[in-house]
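# A closer look at the structure
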Amino acid sequence: MSYEIKQDGKYKFIEEGNGEPLMLLHGLFGALSNFKDLIDHFSKTHKVVVPMLPLLELDLLHTSVGGLQKFVRNFIEHRNYNNINLLGNSLGGHVALVHVLKNPDCIKSVILTGSSGLFENGMGDSYPKRGDKEYMRKKAELTFYDPKMVTEELLDEIFEITNNRLKAIKIIALAKSAIRNNLGEELNQIKQPTCLIWGANDNITPPFVGKEFNKLIPNSELHFIDKCGHAPMMEVPHEFNRILGDFLAKI
């Protein structure tokens, strides 16, 4: 099913279901379709909230992990959410971590999947090769264990962004900001229960990154999913939802 995108002031978001908020922060090429199974499943027990992060709308100066975190903080305050289970994939995980370090009070738990913040393989120096769709397909396929996950729709979305010079510059700015903003020294300050769900075949934030997060975040548990890349909630949604459901029930 498709979800209605709501608007409240300058914020666009999906909000489905009732109960404790489960807020999802998407990554750099985070199509909403990524979260379809997750929204379907958890809107039965939680208020599932997916804010549209302004990855390409911020001015260049604020196109950074910090700029996105401020947006998330303002969104949470504007909507008056509390007791949030905060989930982030890839860059969204990084934004979630910065948020919980700066504003721990209204966050109940943290869920990270393929999160940046410690180490990530970038798209390589030659990225983005504008105008070369096959090249972009190969790059996009690195995100997944199963290359068939790169649909024409997803590829068109990536292609449209990378073919626009200003958008491409902003994507690079965000990627560089993520690499510069290393959280290794601060992760021990996170007190919330934290669930790490990692693809065993993640090429972007390889399994050792999940293990390092597990070592550095005191109250954390780590789950690997086999035959799965950088976006477990897209690629192996049933297994992802089972692990997340167990974690949320336990806390």
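Heads up: these notes are all about the structure in this document. (Residues numbered from 1 in each chain as written. Predicted model: local features only at pLDDT ≥ 70, side-chain atom pairs only at ≥ 80, totals over all residues. Heavy atoms only, no water.)

### Regarding the packing of aromatic side chains
Worth spelling out the cut-off: Stacked, edge-to-face and tilted are the three classes for Phe, Tyr and Trp ring pairs, Trp counted by its six-membered ring, which pair at centre distances within 6.5 Å; planes under 30 degrees apart are stacked, over 60 edge-to-face, the rest tilted. Helix and strand assignments come from DSSP, with helices taken as H or I runs of at least 4 residues and strands as E runs of at least 2, each series counted from the N terminus. Under the scheme applied here, a residue whose accessible area is under 20% of the maximum for its type counts as buried, over 50% as exposed, and between as partly exposed, the area being computed with a 1.4 Å probe on protein chains only.
Counted according to the given criterion, the structure contains six aromatic pairs. For the ring pair F119 and F208, a centre distance of 5.3 Å and an interplane angle of 45° mean the geometry is tilted. Here F119 is found in the loop between strand 6 (107-113) and helix 4 (133-141), whereas its partner F208 is found in helix 7 (residues 207-216), with 89 residues between them in sequence. In this structure F208 comes out as partly exposed when scored by relative accessible area, which is 47%. Among the aromatic side chains, those forming a connected cluster through ring pairs are Y11, F13, F71, F75 and Y81.

### Here's the deal with unusual backbone geometry
Even without glycine at this site, S90 takes up a positive phi of about 60°. Structurally, S90 can be placed in the loop between strand 5 (84-89) and helix 3 (91-102). Residue S90 is classed as buried on the basis of its relative accessible area of 16%. In this structure, K227 is a non-glycine residue whose phi angle is positive, near 50°. Note on placement: K227 falls in the loop between strand 8 (220-225) and helix 8 (232-235). Accessibility expressed as a relative area gives 59% for K227, which makes it exposed.

### Things to note about the nonpolar core
Heads up, the rule is: We call a set of buried Ala, Val, Leu, Ile, Met, Phe, Trp, Tyr and Cys residues a nonpolar core when their side-chain atoms join them within 4.5 Å. In this description, contact between two residues means that some pair of their heavy atoms is separated by no more than 4.5 Å.
Counting residues in each nonpolar core, the largest one holds 42 residues, and the members touching the most others are M23 and F213. With seven residues, the top contributor of residues to this core is helix 3. Not counting residues up to four positions away in its chain, the partners in contact with M23 are V49, P51, F75, I76, Y81, I84, N85, L86 and L87. Counting 35 residues, the second largest nonpolar core, distinct from the first, contains M136, F144, C195 and F240.

### Points about the pattern of salt bridges
Two side chains carrying opposite charge are able to pair once their charged atoms lie near each other. Rules: For salt bridges, the criterion is a side-chain nitrogen of Lys or Arg within 4 Å of an Asp or Glu carboxyl oxygen.
Evaluation of the coordinates by the stated rule reveals twelve salt bridges. With a shortest N-O distance of 3.0 Å, R79 and E15 are connected by a salt bridge. Within this pair, whereas R79 is found in helix 2 (residues 65-79), its partner E15 is found in strand 2 (residues 11-16), the two being separated by 64 residues in sequence. Exposure remark for R79: the relative accessible area of 24% places this residue in the partly exposed category. Each of D8, E15 and R79 takes part in one network of salt bridges that share partners.

### Some points on the pairing of strand 4 (residues 47-51)
Heads up, the rule is: DSSP calls a pair of strands paired once it identifies at least 2 bridges connecting them.
Taken across its five residues, strand 4 has four buried, putting it largely inside the fold. As paired strands, strand 2 and strand 4 are joined by four bridges and run antiparallel to one another. The residue bridging I14 from the neighbouring strand is V50, located in strand 4.

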